[in-house]
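# Inside the fold
The chain contents come next:
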Amino acid sequence: MLFRSQTLVNGSGNDLQLGAVETLSVTAAKALANYRGYQLSLDGLKTLSADAATALAAYRGRLSLTGLKRLSPEAEAALAKHEGELALEGLTSLESVELATTLGKSSSALNFPDLSNMTPETARALVTQRRYGFYPFVWIGGPLQSSPEILSALAKGYVSLSGIQSLDESSAVALAEDDAESQLLLPSLESLSPAAAAQLANRRGGLTLGLKTLSNEAATALAAGTARLRLPALTTCPPAGLRALKAMPALLVVPPALHTPLERFLWCLTGRAAYVVL
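First things first, this report covers the structure right here in the doc. (Residues numbered from 1 in each chain as written. Predicted model: local features only at pLDDT ≥ 70, side-chain atom pairs only at ≥ 80, totals over all residues. Heavy atoms only, no water.)

This next bit is on the nonpolar core. Within the largest apolar cluster, 81 residues are counted, with the highest numbers of intra-cluster contacts made by Leu161, Leu209 and Leu245. The dominant element in this core, judged by the number of residues it contributes, is helix α9 (residues 216-223), at five residues. Other than its neighbours up to four places away in sequence, leucine 209 contacts Leu186, Leu189, Leu192, Leu200, Leu222, Leu229, Arg230, Leu231 and Pro232. (Core = buried A, V, L, I, M, F, W, Y, C linked by side-chain atoms within 4.5 Å. Buried < 20%, exposed > 50% of the residue type's maximum accessible area, 1.4 Å probe, protein only. Helix = DSSP H or I, 4+ residues; strand = E, 2+ residues; numbered from the N terminus. Contact = heavy atoms within 4.5 Å.)

Structure, rendered in structure tokens:
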């Protein structure tokens, strides 16, 4: 008998959930790989050996292992061969290009709230295959300590980097190395210097910033660029900077509080899309 306690099993039909299982032998992994349901969830696993990963990779459905924080290179290589959907949302490190490629092929949303360590190659593999999928975004929430090469690779995909709260000029230069099809979200950004704003403004794709305040200089720098800008959280911006933003030809989203009653009326009347009221 694979599991003696029925309390370990919470699932039925096409979804087998074994959330209480924290370790897995190779024998158990081979048995579970024969399950024919849509999803096998082992989200309570804390560790996974390379041999057990090899056995689990033979499972043909959606394999959920969201409790794993780190994997050995051998385990990463084994899971990369899994042909179905693969969920590894708990990872703090991703260093295998092959595994990143497998994850990038997923048709589901990719969310890594604690991911903080990757290479330029894994970053590129993770995002480049997802741009035309139904759920193209990769959400990375960890305190990303990234080199310019990593940021440049991520900037070319659909990516949200909620772990970034401030941005220096060199990082902004890297994030501006995009193309017209990319989308970059920095929802937790708290401050932006005029120099960094001027670099970010050079993006050709979409740019969403979670800033609540902008200086005149930073707003003017953003407005002078080519990025398709959205500022949904902005509450404070001096008049000169706000005028510059509202004059942008590219799509701009700013909160209703920063529009005058006349502007809101004219927008409703004409449908002018130089800026959009949320």
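Time to look at the packing of helix α4 (residues 97-104) against helix α5 (residues 120-128). Where α4 meets α5, the axes come as close as 7 Å, and the angle between the chain directions of the two elements is 20°. The angle between α4 and α5 places the two elements in the roughly parallel class. Judged by the sense of rotation from one axis to the other, the crossing of α4 with α5 is right-handed. Between α4 and α5, the residues in contact are Val97, Ala100, Thr101, Leu103 and Gly104 and Glu121, Thr122, Ala125 and Leu126, respectively. Class assignment for the residues of the contact of α4 with α5 results in five nonpolar, three polar and one charged. (Axes fitted to C-alpha atoms, helices over the stretch in contact; angles between N-to-C directions. Parallel < 35°, antiparallel > 145°, perpendicular 65-115°, else oblique. Left-handed = near helix turned anticlockwise from the far one by under 90°. Nonpolar A, V, L, I, M, F, W, Y, C, P; charged D, E, K, R; others polar.)

Let us now look at the packing of α9 against helix α10 (residues 239-246). The contact between α9 and α10 brings their axes to 8 Å, and the two run at 10°. Our classification of the angle between α9 and α10 gives roughly parallel. Taken together, the residues of α10 that come into contact with α9 (itself represented by Asn216, Ala219, Thr220, Leu222 and Ala223) are Ala240, Gly241, Ala244 and Leu245. Across the contact of α9 with α10, the residue classes tally to six nonpolar, three polar and no charged.

A few words now on the pattern of salt bridges. Across all of its chains, the model carries two salt bridges by this definition. Put simply, lysine 69 and aspartate 114 hold a salt bridge, and the shortest N to O gap is 3.6 Å. In this pair, lysine 69 is assigned in the loop between β3 (62-64) and α3 (73-79) and aspartate 114 in the loop between β6 (110-112) and β7 (117-118), connecting sequence segments 45 residues apart. Note on lysine 69: relative accessible area 42%, which makes it partly exposed. You can call aspartate 114 partly exposed: its relative accessible area is 34%. Where arginine 203 meets aspartate 178, a salt bridge forms, and the shortest distance between an N and an O atom there is 3.3 Å. Of this pair, arginine 203 sits in the loop between α8 (194-200) and β11 (206-209) while aspartate 178 sits in the loop between α7 (169-175) and β10 (183-186), and the two are 25 residues apart along the sequence. (Salt bridge = Lys/Arg side-chain N within 4 Å of Asp/Glu carboxyl O.)

On to the environment of leucine 42, then. Its location among the elements puts leucine 42 in the loop between β2 (39-41) and α2 (50-56). Since its relative accessible area comes to 0%, leucine 42 is described here as buried. Once the C-alpha coordinates of leucine 42 and glutamine 17 are considered, the two residues, 25 residues apart in sequence, prove to be 6.5 Å apart. Ignoring any residue separated from it by four or fewer positions in sequence, one finds leucine 42 in contact with Leu18, Val21, Leu24, Leu32, Leu56, Ser64 and Leu65.

Just distances and angles here, no functional claims.
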